[in-house]
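Overview (structure and organization)
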Amino acid sequence: MFKTLMVAMAGLGLSAAVSAQELVEGQDYTLLDPPVATQVDDDQIEVTEVFWFGCPHCYRLQTPVSEWYETLDDDVSVVHMPATMGGNWNIHANAFYAAQSLGIEEDLHADFFDAIHQDGRELTDSDEIAEFFANYGVSEEDAKKALTSFNVRSQANKANSRMREMRLMGVPALVVDGRYVITPSTAGSLENMPQVAEALIERVREERAQEE
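For the structure given in this document, a descriptive report is provided here. (Residues numbered from 1 in each chain as written. Predicted model: local features only at pLDDT ≥ 70, side-chain atom pairs only at ≥ 80, totals over all residues. Heavy atoms only, no water.)

**Considering the overall build of the chain**
Here is the rule we go by: Only DSSP runs of H or I with at least four residues qualify as helices, and only runs of E with at least two residues qualify as strands; both kinds are numbered from the N terminus onward. What the globule rule says is 2.2 Å times the number of residues to the power 0.38, and the radius of gyration is computed from C-alpha atoms. For every residue, the accessible area obtained with a 1.4 Å probe (protein chains only) is divided by the maximum for its type, and the residue is called buried under 20%, exposed over 50%, and partly exposed between those limits. Between two residues, a contact is recorded if the distance between any of their heavy atoms is within 4.5 Å. Charge counting follows a simple rule: Lys and Arg are positive, Asp and Glu are negative, and His as well as the terminal groups are ignored. Every charge is mapped onto a representative atom, which is NZ of Lys, CZ of Arg, CG of Asp or CD of Glu.
Along its length, the chain carries 8 helices and 5 strands. Here the C-alpha atoms of the chain give a radius of gyration of 17 Å, agreeing with the 17 Å that 2.2 N^0.38 yields for 212 residues. C-alpha atoms of the chain, sized along the principal axes, occupy 50 × 40 × 35 Å. Across the 212 residues in the chain, those meeting the buried criterion constitute 47%. Residue pairs at least 24 apart in sequence account for 74% of intrachain contacts in the chain once pairs closer than 6 positions are excluded. For the chain, the distance from the average site of its 14 positive side-chain charges to the average site of its 37 negative ones is 8 Å.

Structure representation (structure tokens):
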């Protein structure tokens, strides 16, 4: 059965600054071969954050990864992708894509995490989710329609297919350019994941520069 990835032991973390040359395949990251098709413009480097709202490790990652996102250059695009592993995972994935379709996902993303991990709410019932959505300027009726819409189901199915292509067995994970997969185990800690991803972004830049 799928499990959330465990954080590596303390003391195994990387230094504050990591270079692409220092990274070791199979140790600091895993390489997808073949790579997964990216969803951003060709001149962008995609960083996909794979998460589950109910995952405590994903929740702990939010502070370091959100701070890192604010430092990214204009050639990097972040894609949030909810994991779909059945049960509450799928319900929360539908909630994510429903919020996205309603234009409120960016505003409620952190609050949805907080409601589960700070307030002890499960947010797995459509009525409860719709009530939560209503705090962001949409009607509960529209929220319920979005939760069961064809578009939301399609998005969740695509996320499920993409996650399988990435061969992910747990969350959280960061995937750079559809090729480089970083997990808490490979990075050494949750806090190190952005550092490793940053180094791999630089590697992608160097690779693209050589191709020009």
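**Digging into the pattern of salt bridges**
Rules: We count a salt bridge whenever a side-chain nitrogen from Lys or Arg sits within 4 Å of a carboxyl oxygen from Asp or Glu.
Scanning the entire structure with this criterion turns up 10 salt bridges. A salt bridge links Asp-75 to Arg-205, with the shortest nitrogen-to-oxygen separation between them at 2.7 Å. You can see Asp-75 sitting in the loop between helix H1 (56-69) and strand S3 (76-82) and its partner Arg-205 sitting in helix H8 (residues 193-211), a full 130 residues away along the chain. The structure contains a network of salt bridges with shared partners spanning Asp-73, Asp-75, Glu-202 and Arg-205.

**Details of the pairing of strand S4 (residues 173-176)**
For clarity, the cut-off: Pairing between two strands is assigned when DSSP locates at least 2 bridges connecting them.
On S4, burial covers both faces: Ala-173 and Val-175 on one face and Leu-174 and Val-176 on the other are all buried. Here strand S2 (residues 45-51) pairs with S4 via 4 bridges, running antiparallel. Bridge pairing in S4 places Thr-48 opposite Val-175. Bridging between S4 and strand S5 (residues 180-182) involves 3 bridges; their strand directions are antiparallel. By the bridge assignment for S5, Val-175 is matched with Val-181.

**Some points on the layout of surface pockets**
Cut-off, in case you're wondering: Cavity and pocket criteria rest on a 1 Å grid covering protein atoms alone: a 1.4 Å probe that fits but cannot get out defines a cavity, protein on both sides within 12 Å along at least 5 of 7 lines defines an open pocket, and an atom within 4 Å of a point defines a lining residue. Grid points are joined across faces, edges and corners, and a volume is the space filled by probe spheres set on the points. Charged residues are taken to be Asp, Glu, Lys and Arg, nonpolar residues to be Ala, Val, Leu, Ile, Met, Phe, Trp, Tyr, Cys and Pro, and polar residues to be all remaining types, Gly included.
Reported here for the largest pocket is a volume of approximately 360 Å³. Of all elements in the fold, only H1, S3 and helix H3 (105-117) reach the threshold of two or more residues within the lining of the largest pocket. A per-class count over the lining of the largest pocket returns 5 nonpolar, 6 polar and 5 charged. Taken together, 13 residues line the second largest pocket, and the ones lying closest to its centre are Gln-39, Val-79, His-80, Tyr-97 and Gln-155. For the lining of the second largest pocket, the secondary structure elements donating two or more residues are S3, helix H2 (88-101) and helix H6 (150-165). The residue inventory of the lining of the second largest pocket, partitioned by class, reads 6 nonpolar, 4 polar and 3 charged.

**Thoughts on the sheet that holds S4**
Strand order in the open sheet formed by 5 strands is S1-S5-S4-S2-S3, with mixed pairing between adjacent strands. Edge positions in the sheet fall to strand S1 (30-31) and S3, since each of these pairs with one other strand and no more.

**Focus: the side chain of Arg-205**
Formally: Think of a polar contact as two N or O atoms within 3.5 Å of one another; within protein, one of them needs to be a possible hydrogen donor and the other a possible acceptor, and neighboring residues in sequence only count if both atoms come from side chains.
In this structure the side chain of Arg-205 is engaged in a polar contact, spanning 3.4 Å, whose partner is the side chain of Asp-73. A distance of 3.2 Å separates polar atoms of two side chains, one belonging to Arg-205 and the other to Glu-202. When near neighbours in sequence (up to four residues on either side) are disregarded, Arg-205 contacts Ile-45, Asp-73, Asp-75, Val-76 and Glu-198.

**Thoughts on the nonpolar core**
Note the cut-off: Definition used in this section: a nonpolar core is a set of buried Ala, Val, Leu, Ile, Met, Phe, Trp, Tyr and Cys residues joined via side-chain atoms within 4.5 Å.
By size, the foremost hydrophobic cluster in this structure holds 42 residues, and its most contacted members are Val-50, Phe-112, Phe-133, Met-163, Met-166 and Val-171. Only S2, H2, H3, helix H4 (126-133), helix H5 (140-147), H6 and S4 provide two or more residues apiece to this core. The element that contributes the greatest number of residues to this core is H2, accounting for 6 residues. Setting aside residues up to four positions removed in sequence, Met-163 forms contacts with Val-50, Met-81, Ala-83, Thr-84, Met-85, Leu-168, Gly-170 and Val-171.

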